[in-house]
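# Coordinate inspection notes
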Amino acid sequence: MTNRNILIVLALAALMVAPFVVYPIFLMKILCFALFAAAFNLILGYGGLLSFGHAAYFGGAAYICGHALKVWGLPTELGILVGGLAAGAFGAVVGLLAIRRQGIYFAMITLALAQMAFFFFISADFTGGENGLQGVPRGYALGLFDLSNNITLYYFVLAICLGGFLIVVRAVHSPFGQVLRALRDNEDRAISLGYDVERVKLLAFVLSATLSGIAGATKTVVFQLASLTDVNWHMSGEVVLMTLLGGVGTLLGPVLGAGVVVALQNTLASGPLSAWVPVIMGTIFVICVLAFRRGIVGEINALIKRSF
Amino acid sequence: MADSILQTENLTKEFRGFTAVDSVNLTIERGSIHALIGPNGAGKTTVFNLLTHFLPVTRGAIRFNGTEITGMKPAQISRLGIVRSFQISAVFPHMSALENVRVALQRKEGRIFQFWQSERGLSRYNARAEELLDMVGLSSFSKALVADMPYGRKRALEIATTLALEPELMLLDEPTQGMGREDVERTTALIKQVSAGRTILMVEHNLSVVSALCDRITVLQRGAVLTEGDYATVSADPRVKEAYMGKAA
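Residues numbered from 1 in each chain as written. Chains lettered and ligands numbered in written order. Predicted model: local features only at pLDDT ≥ 70, side-chain atom pairs only at ≥ 80, totals over all residues. Heavy atoms only, no water.

### Some remarks on the environment of Ala127(B)
Mapping Ala127(B) onto the fold places it in helix α4 (residues 126-135). Linking Ala127(B) and Arg155(B), residues 28 residues apart in sequence, is a C-alpha distance of 21 Å. (Helix = DSSP H or I, 4+ residues; strand = E, 2+ residues; numbered from the N terminus.)

This is the structure we're talking about:
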């Protein structure tokens, strides 16, 4: 227990000094995707449901937050919150339609509805179509701290993403988390004990969508831009890759997976291999599924278990 | 007429023209242990699935405590007080035995959707869960991961989990199936013990278990009721022997 606390303190210290060592924008991108993957993991790893439309919540919230900040002139925190709540509301609608289905059918329904969202955002006026929603103001944190400073913004983003991550951790280790585990283990038995499994799954789905939305909205503030990339189905695939690579059903796995994927993309995009990024990502995905299904953190956990 | 807890009226289930359960009229008396027996394919498990609404009823009615419950959702049936077990042991394998029982207690206490609370708060159910585990002889297993427990113990755990809900009517689907003799004896004694103050309907193949436990026996054959009565009556019925053994030469 004390070992774990030491590790947590060290990790927090590293996060505090990181922006003075590494380019802060890059770090913030990792933080946003880490929260996205952690939120996605809540429904895949703990709910046992593969959603293939999480880009709709991430990207949808990105647009709505961008619009709220740029046109409505809301304070930054409120804009992000509005983005997250909108994503949660859309998640509730999708969840209500999809939650009765399982496996591939669930994935197809979530994908189909996410594609509908994509076509909405490509054709709606406020999104700027192919150009994206540009020039979103970063504003001030709590009306005091100027977020146009990258270091200040970093701490703001860190606070939001850590907060979101803590919500995921708490949900997993809550009475609700126990019910989710039971449901994933043996759904029929959970029903026979009187659980309304659809409502349980729906709550997990809405939580996941809301937090994905917070991640997407925060990303808009960082880049001052919401674009079609955020709502594209590629984004839904990427978050699956991050989660699987890091370790599905582990708390830290998706965070690590997001870090690895974003770092790889950034390194490769500027080098001679930039045209090959999708191929390299695809290869990593295949290797991950074939050779280490538990993901990085999952494999490490298994190793630790075996050696003690 | 004695007080009945569950009644079915012309209960029928058809699968694409095949009648799996055919106009079954069952009356389960309150406080009794009632067995449903019959050869393979007689429709016993289907009756269970109909009673707990895991399968929709084609025709007929089910009444629980005099109220019609036909068409409700399985989780609703459970909350009314009819809790079933399954043929294959129904446990949560990746949780500890204690957590298995606690999940049932959580549902009863309505601690379902609290995602913002710490799971440490669930320890308030530990005492009751330990008590239930102790009752089925599993006190030494409370911290054990259920996946690692022997089969017979998993069935006992299933009963403890079911008891946590304090059901009025327990439906046990082949509680001794696949067990060695020692486990069968232990489970029989356990069922006898927990039957106090409640009603049990069980599907069972092992006739010595049925004769030791059951007050009333309904024999099903090809989806219909062949006969009903106490063990002596039923076992003396030549049609029952024929159903199990085939026609005498």
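Picking up where we left off.
### So, the domain arrangement of chain B
Residue and element names in this part refer to chain B. For chain B, the assigned domains are domain 1 (1-81 + 167-249) and domain 2 (95-165). Distance from the C-alpha centre of domain 1 to the C-alpha centre of domain 2: 27 Å. Listed per partner, the contact involves 18 residues of domain 1 and 12 residues of domain 2. Counting the surface lost from both domain 1 and domain 2, the interface buries some 1200 Å², and carbon and sulfur atoms represent 64% of this. Scanning the region where domain 1 abuts domain 2 turns up 0 salt bridges. Linking domain 1 with domain 2 are 3 residue pairs in polar contact (both at pLDDT 80 or more), by the criterion used here. (Domains from an automatic or database assignment. Contact = heavy atoms within 4.5 Å. Buried area = accessible area lost by both parts, 1.4 Å probe. Salt bridge = Lys/Arg side-chain N within 4 Å of Asp/Glu carboxyl O. Polar contact = N/O pair within 3.5 Å; in protein donor to acceptor, adjacent residues only side chain to side chain.)

### Focus: helix α13 (residues 277-291) of chain A
Residues and elements named next belong to chain A. Its 15 residues give α13 an end-to-end C-alpha distance of 21 Å, which sits within 8% of 21 Å, the value for a rise of 1.5 Å per residue. Those residues of α13 not exposed but buried are Val 277, Met 281, Ile 284 and Cys 288. When α13 is viewed along its axis, its buried side chains cluster within an angular range of 60 degrees and face the same direction. In α13, the exposed residues that point more than 90 degrees away from the buried face are Pro 278, Leu 290 and Ala 291. Contacts from the buried residues of α13 go to α11 (233-246) and α12 (253-270). (Expected span 1.5 Å × (residues − 1). Buried < 20%, exposed > 50% of the residue type's maximum accessible area, 1.4 Å probe, protein only. Arc of directions from axis to C-beta.)

### Describing the packing of helix α4 (residues 76-98) of chain A against helix α9 (residues 197-223) of chain A
Pairs of packed helices are described in terms of their axes, by the angle between the two and the distance that separates them. All names here are of chain A. Interaxial distance between α4 and α9 falls to 7 Å at its minimum, and their mutual angle equals 145 degrees. Relative to α9, α4 is oriented so that their crossing is right-handed. For the pair formed by α4 and α9, the contact residues are Thr 76, Ile 80, Leu 81, Gly 84, Ala 87, Gly 88, Gly 91, Ala 92, Val 94, Gly 95 and Leu 96 on the first element and Leu 202, Phe 205, Val 206, Ala 209, Thr 210, Gly 213, Ile 214, Ala 217, Thr 218 and Val 221 on the second. Here the residues of the contact of α4 with α9 sort into 13 nonpolar, 8 polar and no charged. (Axes fitted to C-alpha atoms, helices over the stretch in contact; angles between N-to-C directions. Left-handed = near helix turned anticlockwise from the far one by under 90°. Nonpolar A, V, L, I, M, F, W, Y, C, P; charged D, E, K, R; others polar.)

### Observations regarding the side chain of Asp185(A)
Inspection of the secondary structure assignment puts Asp185(A) in helix α7 (residues 175-185). Of the side chains bearing the opposite charge, Arg184(A) lies closest to the buried Asp185(A), which forms no salt bridge; the N-O distance is 5.1 Å. There is a polar contact of 2.6 Å between the side chain of Asp185(A) and the backbone nitrogen of His94(B). In this structure, Asp185(A) is in contact with Phe92(B), Pro93(B), His94(B) and Met95(B), ignoring residues within four places of it in sequence. (Lys, Arg positive; Asp, Glu negative; His and termini not counted.)

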